[in-house]
Amino acid sequence: VSFDGLIGAHDNAMSAPDGAIKGRLAYARELKITRGGVAVKTTLSSDRQDKIKELWEMIPVYLRHDAQKDDALIEFQSGGWLAAPNTPKDKIAAVRITRHGKPVTIVFDRARRVQLSPVPVKRGNGFNRILMVDLLDSGGASATMPASAVISYTISP
């Protein structure tokens, strides 16, 4: 499955409020389902007109249903597995999410700077956090939007 589109002024600022994106920014996402899992590739292309401080791939993580006591365990792989911190962590090769004793692993195309959203958010009858993958690797320093930013990862049981 693949889809693409534009982010910015073309949609009355729905995708970029308050004129956050002035230039042309296009996205494309491709999902391939195989016996081994789901391969995801996201590409952002720009005309390099915009200065930005952050550029994240956002992956929602379902933590638990209202009636459940324990959240899913989220771990980052950097050498060994470690509990995911609430602050950015560099050189993360993979993320493992374990719910009900069953792990799902997200393996990145290369080591990445990754963090979790600050707090769980209630959506419907459950709680989520967002796995945030830094596409700039800039640590929040202002930069010109790259002509192209690409991330690939595989989600597998």
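Refer to the structure printed above.
Reading the values: the criteria
- Residues numbered from 1 in each chain as written.
- Predicted model: local features only at pLDDT ≥ 70, side-chain atom pairs only at ≥ 80, totals over all residues.
- Heavy atoms only, no water.
- Helix = DSSP H or I, 4+ residues; strand = E, 2+ residues; numbered from the N terminus.
- Rg over C-alpha atoms; globule rule 2.2 N^0.38 Å.
- Contact = heavy atoms within 4.5 Å.
- Lys, Arg positive; Asp, Glu negative; His and termini not counted.
- Charge placed at Lys NZ, Arg CZ, Asp CG, Glu CD.
- Phe/Tyr/Trp six-rings, centres within 6.5 Å; stacked < 30°, edge-to-face > 60°.
- Buried < 20%, exposed > 50% of the residue type's maximum accessible area, 1.4 Å probe, protein only.
- Lys NZ or Arg CZ within 6 Å of the ring centre and 35° of its normal.
- Core = buried A, V, L, I, M, F, W, Y, C linked by side-chain atoms within 4.5 Å.
- Polar contact = N/O pair within 3.5 Å; in protein donor to acceptor, adjacent residues only side chain to side chain.

Let's shift gears to the overall build of the protein chain. Broken down by element type, the protein chain carries 0 helices and 13 strands. Starting at the N terminus and ending at the C terminus, the protein chain contains elements arranged as β-β-β-β-β-β-β-β-β-β-β-β-β. Relative to its length of 157 residues, the protein chain is compact, with a C-alpha radius of gyration of 17 Å against a globular reference of 15 Å. When its C-alpha atoms are laid out on the principal axes, the protein chain stretches across 45 × 35 × 35 Å. Here the analysis covers contacts within the protein chain between residues at least 6 apart in sequence; of these, 56% occur between residues at least 24 apart. Positive and negative side-chain charges of the protein chain, numbering 22 and 16 respectively, have mean locations separated by a distance of 4 Å.

On inspection of all chains with the given rule, the structure shows 1 aromatic pair. Their ring planes at 70° and their centres at 6.3 Å tell us that Phe108 and Tyr153 sit as a pair that is edge-to-face. Of this pair, Phe108 sits in strand E9 (residues 102–116) while Tyr153 sits in strand E13 (residues 148–156); the two residues are 45 residues apart in sequence, bridging distant segments of the chain. The pair Phe108 / Tyr153 is uniform in exposure class, with both members buried. Directly above the ring of Phe127 sits Arg64, whose terminal nitrogen or CZ lies 4.2 Å from the centroid.

Turning our eyes to something else, we now look at the nonpolar core. By size, the foremost hydrophobic cluster in this structure holds 29 residues, and its most contacted members are Ile74, Phe76, Val95, Phe108 and Leu131. Counting only elements with at least two residues in this core, the list comes to strand E3 (37–46), strand E5 (56–65), strand E6 (73–78), strand E8 (89–99), E9, strand E11 (126–134) and E13. Contact partners of Phe76, with chain neighbours within four places excluded, come to Trp81, Leu82, Ala84, Pro85, Lys89, Ile92, Ala94, Val95, Val114, Gln115, Leu116 and Leu131.

Another aspect to go through is the environment of Arg113. Within the fold, Arg113 resides in strand E9. For Arg113, a relative accessible area of 15% corresponds to the buried category. Along the chain, Arg113 and Lys89 lie 24 residues apart, while their C-alpha atoms are 5.5 Å from each other. In this structure the side chain of Arg113 is engaged in a polar contact, spanning 3.5 Å, whose partner is the side chain of Asp90. A polar atom in the side chain of Arg113 sits 2.9 Å from the side chain of Asp134.

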